[in-house]
Amino acid sequence: MSKVLDDINKELDKLQEDLVKNYDKLGLRASGKWANELESFSNESGKGYHFGILGARYTGAIEGGRKPNRNQKDIRAFVGWAGSTFLKQWVKDKGLTISPFAVAWKIAREGVRVPNQYNKGGVLSDVLNAKTIEPFMEIIKFAHIEELRSDVKNILATSGKNIR
């Protein structure tokens, strides 16, 4: 792995830690599944560097809410599935004494607005901003400067000029 990718991965690790810290600070941890599912990736191609952090499919709902089900006629299927799976676990993890099926019904009919009493919002947007991107830009910019410097040295060396 190149030094650039090593440096990018170190920054991704820090960013991932910051996301988890914010998740905990906002009191969003129930099972911890969201934090455990964060996964960084990085690679280099002829077109540049590709990197980021992947997360759970429901990350967007944690950040910005969720709209009501489009097809209100088939709510029972969603309520049955959600109430017996992830919402059952969520209610248990949060120590709530409400029916997960009632929660599923309310979500399906009304959606979820963020901010709300359980989630003030910002799990991603509090952490991901222009300042967060700066270290990645510096890593890549420095790599390009070093590559250009090396190219110039090689050109001058092959033309008979001796430089350091």
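Just above, that's the structure.
Here the structure is a predicted model, which means the values were calculated and not measured. Residues take numbers from 1 onward in each chain, read along the sequence in its written order. Residues qualify for local features only when their pLDDT is at least 70, as the model is predicted, and side-chain atom pairs are given and counted only at 80 or more; totals for whole chains, interfaces and linings, by contrast, use all residues. Excluded from the side-chain calculation are hydrogens and water; included are all heavy atoms of the structure.

### Focus on the pattern of salt bridges
Piece 1. Whenever a carboxyl oxygen of Asp or Glu lies within 4 Å of a side-chain nitrogen of Lys or Arg, that contact is scored as a salt bridge. Tallied over the full model, the rule gives six salt bridges.
Piece 2. Across the salt bridge formed by Lys3 and Asp7, the nearest N and O atoms sit 2.9 Å from each other. Residue Lys3 and its partner Asp7 are both found in helix α1 (residues 3-25); the two are separated by four residues, about one turn of the helix.
Piece 3. Accessible area is worked out with a 1.4 Å probe on protein chains only. A residue is then buried under 20% of its type maximum, exposed over 50%, and partly exposed in between. Residue classification places Asp7 among the partly exposed positions, given a relative accessible area of 21%.
Piece 4. For the salt bridge of Lys33 with Glu37, the shortest nitrogen-to-oxygen distance reads 3.9 Å. A run of H or I in DSSP becomes a helix once it reaches four residues, and a run of E becomes a strand once it reaches two; helices and strands are each numbered from the N terminus.

### As for the nonpolar core
Here is a general trend for soluble globular proteins: nonpolar side chains tend to be buried in one another's company.
Piece 1. The criterion is simple. A nonpolar core is a set of buried Ala, Val, Leu, Ile, Met, Phe, Trp, Tyr and Cys residues joined through side-chain atoms within 4.5 Å. Val4, Ile8, Tyr23, Leu28, Trp34, Tyr49 and Val123 are the most contacted members of the largest nonpolar core, which totals 21 residues.
Piece 2. Listing elements by their share of this core, those giving two or more residues are α1, α2 (33-37) and α7 (130-158).
Piece 3. Counting residues per element, this core draws most heavily on α1, at eight residues.
Piece 4. Here a residue-residue contact requires only that any non-hydrogen atoms of the pair lie within 4.5 Å. Those residues in contact with Leu28, other than ones at most four positions away along the chain, are Tyr23, Ile62, Lys94, Tyr118, Asn119 and Val123.
Piece 5. Core analysis: the second largest hydrophobic core is formed by 10 residues, Ala82, Leu87, Ile107 and Ala108 among them.

### Notes on the layout of surface pockets
Piece 1. Counted as a void, the largest pocket has a volume near 1400 Å³.
Piece 2. Whether a set of points on the 1 Å grid over the protein atoms alone is a cavity depends on a 1.4 Å probe fitting there but being unable to get out, while an open set qualifies as a pocket with protein on both sides within 12 Å along at least five of seven lines; lining residues are those with an atom within 4 Å of a point. For the largest pocket, the lining is made up of 37 residues, of which Phe86, Leu87, Trp90, Ile107 and Val112 are closest to its centre.
Piece 3. Breaking the lining of the largest pocket down by element, the ones donating at least two residues are α2, α3 (59-64), α4 (75-84), α5 (86-94) and α6 (100-110).
Piece 4. By residue number, the principal contributor to the lining of the largest pocket is α5, which donates six residues.
Piece 5. Under the scheme applied here, ten amino acids are nonpolar (Ala, Val, Leu, Ile, Met, Phe, Trp, Tyr, Cys and Pro), four are charged (Asp, Glu, Lys and Arg), and all others, including Gly, are polar. Across the lining of the largest pocket, the residue classes tally to 20 nonpolar, nine polar and eight charged. Grid points are joined across faces, edges and corners, and a volume is the space filled by probe spheres set on the points.

### Topic: the pairing of strand β2 (residues 48-54)
Piece 1. In this description, strands pair whenever DSSP reports at least two bridges between them. Sheet topology places strand β1 (residues 39-45) next to β2; seven bridges connect them, and they run antiparallel. What sits directly across from Ser45, in β2, is Gly48.
Piece 2. Connecting β1 to the antiparallel partner β2 that follows it, the hairpin turn spans two residues.

### Focus on the packing of aromatic side chains
Piece 1. Working definition: rings of Phe, Tyr and Trp (its six-membered ring) pair if their centres are within 6.5 Å, and the pair is stacked with planes under 30 degrees apart, edge-to-face with planes over 60 apart, and tilted otherwise. Applying the stated criterion across every chain yields a total of five aromatic pairs.
Piece 2. Between Tyr23 and Trp34, the aromatic rings sit 4.7 Å apart at their centres with planes inclined by 35°, giving tilted as the arrangement. Note that Tyr23 is positioned in helix α1 and Trp34 in helix α2, a separation of 11 residues in sequence.
Piece 3. Members of the aromatic cluster, connected to one another through ring pairs, are Phe78, Trp81 and Phe86.

### Digging into the packing of α5 against α6
Piece 1. Packing of α5 against α6 leaves a shortest axis separation of 8 Å and a crossing angle of 115°. The two elements α5 and α6 cross, and the hand of that crossing is right-handed. In contact with Leu87, Lys88, Trp90 and Val91 of α5, α6 contributes Pro100, Val103, Ala104 and Ile107.
Piece 2. A class-by-class count of the residues in the contact of α5 with α6 yields seven nonpolar, no polar and one charged. Note on definitions: angles span 0 to 180 degrees between N-to-C directions of axes, and those axes are lines fitted to C-alpha atoms, for helices only across the stretch in contact. Left-handed describes a crossing whose near helix is turned anticlockwise from the far helix by less than a right angle; the clockwise case is right-handed.

### Details of unusual backbone geometry
Piece 1. The amide bond that connects Val114 to the next residue, Pro115, takes the cis arrangement and shows omega of 10°.
Piece 2. Relative to the elements of secondary structure, Pro115 occurs in the loop between α6 and α7.

### Observations regarding the side chain of Gln16
Piece 1. In this fold, Gln16 is placed in helix α1.
Piece 2. Among all residues touching Gln16, those that are not within four sequence positions of it are Leu38, Glu39, Ser40 and Ile53.

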